[in-house]
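# Secondary and tertiary structure notes
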Amino acid sequence: DQQVKQNSPSLSVQEGRISILNCDYTNSMFDYFLWYKKYPAEGPTFLISISSIKDKNEDGRFTVFLNKSAKHLSLHIVPSQPGDSAVYFCAASKYGNKLVFGAGTILRVKS
Amino acid sequence: ETGVTQSPTHLIKTRGQQVTLRCSSQSGHNTVSWYQQALGQGPQFIFQYYREEENGRGNFPPRFSGLQFPNYSSELNVNALELDDSALYLCASSLGGSSGRAETQYFGPGTRLLVL
């Protein structure tokens, strides 16, 4: 039962352009959504989050959009930098105690 | 401020053995969650501890057990290891309120377990 899906296994973007990573979920009870970045041999690093009462949250180059009716969220990175190359995980939670993760999207930013 | 730390970084065990993994939570955090990440997959929730009590458990058998100590550090114990237990084990800490609701979880570097 995959409650959180990241349908694109990989994404390749030119440096300076926008990266858009997508995530879909099925459980309407989820009320908190997060994006994590992971480099090989390291743990996931928190990037940005959004509560279900909002539809957008920005932090520097990172913006997360939430469309509750479509059960869809996306992460926009502008401008993309080579150091952004990593695996990006979308996660969702209900009351915050258990994170349900997608399978991840590998982002490659080409210089 | 010290982040989440885990030990050991790598571990090799044989089938049937038992293993204990350790986690020190970030300063000021009272909630610890454990996740298993198999190759090519996202992390899977094992269980969470809030103020030394289990506060939620994922779909893992009872041979996966845990503890949280008064200083909020935690252990994950796995008995009767199986080959499929080979994975990256991640610990995450967060600050939970009196309702048990936890906020953003911050992850440690993980312990890579190989079961032969």
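Residues numbered from 1 in each chain as written. Chains lettered and ligands numbered in written order. Predicted model: local features only at pLDDT ≥ 70, side-chain atom pairs only at ≥ 80, totals over all residues. Heavy atoms only, no water.

## A look at the overall build of chain B
A count of helices and strands for chain B gives zero helices and 11 strands. When its helices and strands are written in sequence order, chain B yields β-β-β-β-β-β-β-β-β-β-β. Over its C-alpha trace chain B gives a radius of gyration of 13 Å, about what one expects of a compact globule, namely 13 Å for 116 residues. Each principal axis of the C-alpha distribution contributes one length, and for chain B these read about 40 × 25 × 25 Å. Counting across all 116 residues of chain B, residues that qualify as buried make up 50%. In chain B, the proportion of contacts linking residues at least 24 apart, taken out of those at least 6 apart, comes to 55%. Looking at chain B as shown, the accessible area adds up to about 5500 Å², and 49% of this sits on carbon and sulfur atoms. Within chain B, one finds 8 positive and 9 negative side-chain charges whose respective centroids are separated by 5 Å. (Helix = DSSP H or I, 4+ residues; strand = E, 2+ residues; numbered from the N terminus. Rg over C-alpha atoms; globule rule 2.2 N^0.38 Å. Buried < 20%, exposed > 50% of the residue type's maximum accessible area, 1.4 Å probe, protein only. Contact = heavy atoms within 4.5 Å. Areas by Shrake-Rupley, 256 points an atom, 1.4 Å probe, with all protein chains shown as cover. Lys, Arg positive; Asp, Glu negative; His and termini not counted. Charge placed at Lys NZ, Arg CZ, Asp CG, Glu CD.)

## Concerning the sheet that holds strand E8 (residues 74-78) of chain B
Residues and elements named next belong to chain B. Sheet architecture is open: four strands sit in the order E1-E3-E8-E7, paired in antiparallel fashion. The open sheet has two free edges, formed respectively by strand E1 (5-7) and strand E7 (64-68), since each of these has just one partner strand. Across the sheet, the mean angle separating the axes of adjacent strands is 20° when strand polarity is ignored. Bridge count for E7 against E8 is five bridges, and the pairing is antiparallel. Looking at the pairing, Gln-68 lines up with Ser-74 of E8. (Pairing = 2+ DSSP bridges. Axes fitted to C-alpha atoms, helices over the stretch in contact; angles between N-to-C directions.)

## A short note on the sheet that holds strand E1 (residues 4-5) of chain A
Residue and element names in this part refer to chain A. As summarised here, the arrangement of the five strands in space is E1-E3-E8-E7-E6, forming an open sheet in which the pairing is antiparallel. Each of the sheet's edge strands pairs with one partner strand only, and the pair in question is E1 and strand E6 (56-59). Where E1 meets strand E3 (residues 19-25), two bridges bridge the pair, whose relative direction is antiparallel. Paired with Lys-5 across the bridge in E3 is Asp-24.

## Digging into the environment of Phe-69 of chain B
Residues and elements named next belong to chain B. Tracing the sequence through the fold places Phe-69 in the loop between E7 and E8. Between the C-alpha atoms of Phe-69 and Tyr-49, which are 20 residues apart in sequence, the distance is 9.6 Å. Those residues in contact with Phe-69 that lie beyond four places of it in its chain are Glu-52, Ser-74 and Glu-75.

## Section: the pairing of strand E8 (residues 72-77) of chain A
All names here are of chain A. Most of E8 is tucked away, with five of its six residues classed as buried. Looking at chain direction, strand E7 (residues 62-67) and E8 are connected through six bridges and run antiparallel. Counted as the bridge partner of Phe-62 is Ile-77 from E8. Here E7 hands over to E8 after four residues, with Lys-71 in that stretch at a positive phi of 50°.

## Focus on the nonpolar core
Val-4, Phe-33, Trp-35, Leu-73, Leu-75 and Tyr-88 of chain A are the most contacted members of the largest nonpolar core, which totals 24 residues. Elements that contribute at least two residues to this core include exactly E3, strand E4 (32-38), strand E5 (45-51), E7, E8, strand E9 (86-93) and strand E11 (105-110) of chain A. Ranked by residues supplied to this core, first place goes to E9 of chain A with four residues. Excluding its chain neighbours within four sequence positions, the residues that come into contact with Phe-33 of chain A are Tyr-25, Ile-48, Ser-49, Ile-50, Ser-52, Leu-66, Leu-73, Ala-91 and Ala-92 of chain A. One finds Val-32, Leu-76, Ala-87 and Val-115 of chain B within the second-largest nonpolar core, a separate group that totals 19 residues. (Core = buried A, V, L, I, M, F, W, Y, C linked by side-chain atoms within 4.5 Å.)

## What about the interface of chain A and chain B?
Counting residues at the interface gives 19 residues for chain A, matched by 21 residues for chain B. Looking only at chain A, the three residues that lose the most surface to chain B are Pro-44, Asn-97 and Phe-101 of chain A, adding up to 30% of its buried area. Counting every contact that joins chain A to chain B gives zero salt bridges. Viewed at the interface, chain B and chain A are joined by three residue pairs in polar contact (both at pLDDT 80 or more). Only E4, E5 and strand E10 (99-101) of chain A provide two or more residues apiece to the side of chain A that touches chain B. Take the side of chain A that touches chain B: its biggest share by element is four residues, from E4 of chain A. Its residues assigned to classes, the side of chain A that touches chain B comprises 10 nonpolar, five polar and four charged. (Buried area = accessible area lost by both parts, 1.4 Å probe. Salt bridge = Lys/Arg side-chain N within 4 Å of Asp/Glu carboxyl O. Polar contact = N/O pair within 3.5 Å; in protein donor to acceptor, adjacent residues only side chain to side chain. Nonpolar A, V, L, I, M, F, W, Y, C, P; charged D, E, K, R; others polar.)

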